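Chain by chain, the residues run as shown.
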Amino acid sequence: MDIGRKLKDLRVMKGLTQEELADRAELTKGFISQLERNLTSPSIATLMDILQCLGTNIGDFFNEETEEQVVFSKGDYFEKLDGELKNKIQWIIPNAQKNVMEPILLTLEPGGSTYPDNPHEGEEFGFVLKGSARLHIGNNVYKIKSGESFYFLPEKQHYLESRHGATVLWVSSPPSF
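Residues numbered from 1 in each chain as written. Predicted model: local features only at pLDDT ≥ 70, side-chain atom pairs only at ≥ 80, totals over all residues. Heavy atoms only, no water.

Here's the deal with the overall build of the protein chain
Part 1: The secondary structure content of the protein chain amounts to five helices and nine strands.
Part 2: Going from the N terminus to the C terminus, the protein chain shows its helices and strands as α-α-α-α-α-β-β-β-β-β-β-β-β-β.
Part 3: Taken against the 2.2 N^0.38 rule, which gives 16 Å for 177 residues, the C-alpha radius of gyration of the protein chain at 27 Å runs more than 25% over that of a compact globule.
Part 4: Oriented by its inertia axes, the alpha-carbon framework of the protein chain measures out at about 75 × 30 × 25 Å.
Part 5: A total of 177 residues make up the protein chain; the buried ones form 33% of that total.
Part 6: Per element, the accessible surface of the protein chain, about 11,200 Å² overall, is 51% carbon and sulfur.
Part 7: Here the protein chain holds 19 positive side-chain charges and 26 negative ones, and the gap between their average locations is 8 Å. (Helix = DSSP H or I, 4+ residues; strand = E, 2+ residues; numbered from the N terminus. Rg over C-alpha atoms; globule rule 2.2 N^0.38 Å. Buried < 20%, exposed > 50% of the residue type's maximum accessible area, 1.4 Å probe, protein only. Areas by Shrake-Rupley, 256 points an atom, 1.4 Å probe, with all protein chains shown as cover. Lys, Arg positive; Asp, Glu negative; His and termini not counted. Charge placed at Lys NZ, Arg CZ, Asp CG, Glu CD.)

A look at the environment of asparagine 99
Part 1: As for its position among the elements, asparagine 99 is in the loop between β2 (87–91) and β3 (102–108).
Part 2: In this structure the C-alpha to C-alpha distance between asparagine 99 and proline 175, which are 76 residues apart in sequence, comes to 7.3 Å.
Part 3: Aside from chain neighbours lying at most four places away, what touches asparagine 99 is Ile93 and Pro175. (Contact = heavy atoms within 4.5 Å.)

Observations regarding unusual backbone geometry
Part 1: Cis rather than trans, the peptide bond between serine 173 and proline 174 has omega equal to -5 degrees.
Part 2: Mapped onto the secondary structure, proline 174 falls in the segment after β9 (166–173).
Part 3: For asparagine 38, which is not glycine, the phi torsion reads 55 degrees and is therefore positive.
Part 4: When you line up the elements, asparagine 38 lands in the loop between α3 (29–36) and α4 (44–53).
Part 5: One non-glycine residue, lysine 86, lies in the positive phi region at around 60 degrees.

Focus on the side chain of serine 113
Part 1: Structurally, serine 113 is set in strand β4 (residues 112–113).
Part 2: For serine 113, a relative accessible area of 14% gives the class buried.
Part 3: Those residues in contact with serine 113 that sit more than four places away from it in its chain are Leu85, Lys86, Asn87, Leu108, Leu160 and Glu161.

Description of helix α1 (residues 3–13)
Part 1: Within α1, the full set of buried residues consists of Gly4, Leu7, Leu10 and Arg11. Along α1, the residues classed as buried sweep out an arc of 130 degrees about the axis, all on the same side.
Part 2: One or two steps after α1, the chain reaches glycine 15, where phi turns positive at roughly 75 degrees. (Arc of directions from axis to C-beta.)

Spelled out as structure tokens, the structure:
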């Protein structure tokens, strides 16, 4: 870990000059400069004082957080084919079950459908990217086509079917797929 660089980044993020940090920590500007260039090392007590002046603590300062993946490509997707229902589900965000929402890419072949989902907590949203489908919610049936979206509370059994095929971006919150 580059302690000097990390201290400098934290100081700059807080909008402080070396002199302002030195005054707050009762140190010299030269000492802060040497720390930031890794020309000297602080004692634990001095480092704790500096970090307190920067609004953090030693535990958070040394905690190396791993950066979470933000962008996902086809190679990251998990795919499930259902020959009986004539559909393909692609989980386009890996491990989305741990998140608040779970987006999938649903491809319905002609005559395809999803398995009827029983009522559950949350919200459902979808956007038809290609083709057309029928959304069944309880006893109601809604026709949706390319460029249209849907949103509902899943308080009744629900599923999608398509006579001619469709591709749908479907988001469930909380995850239920």
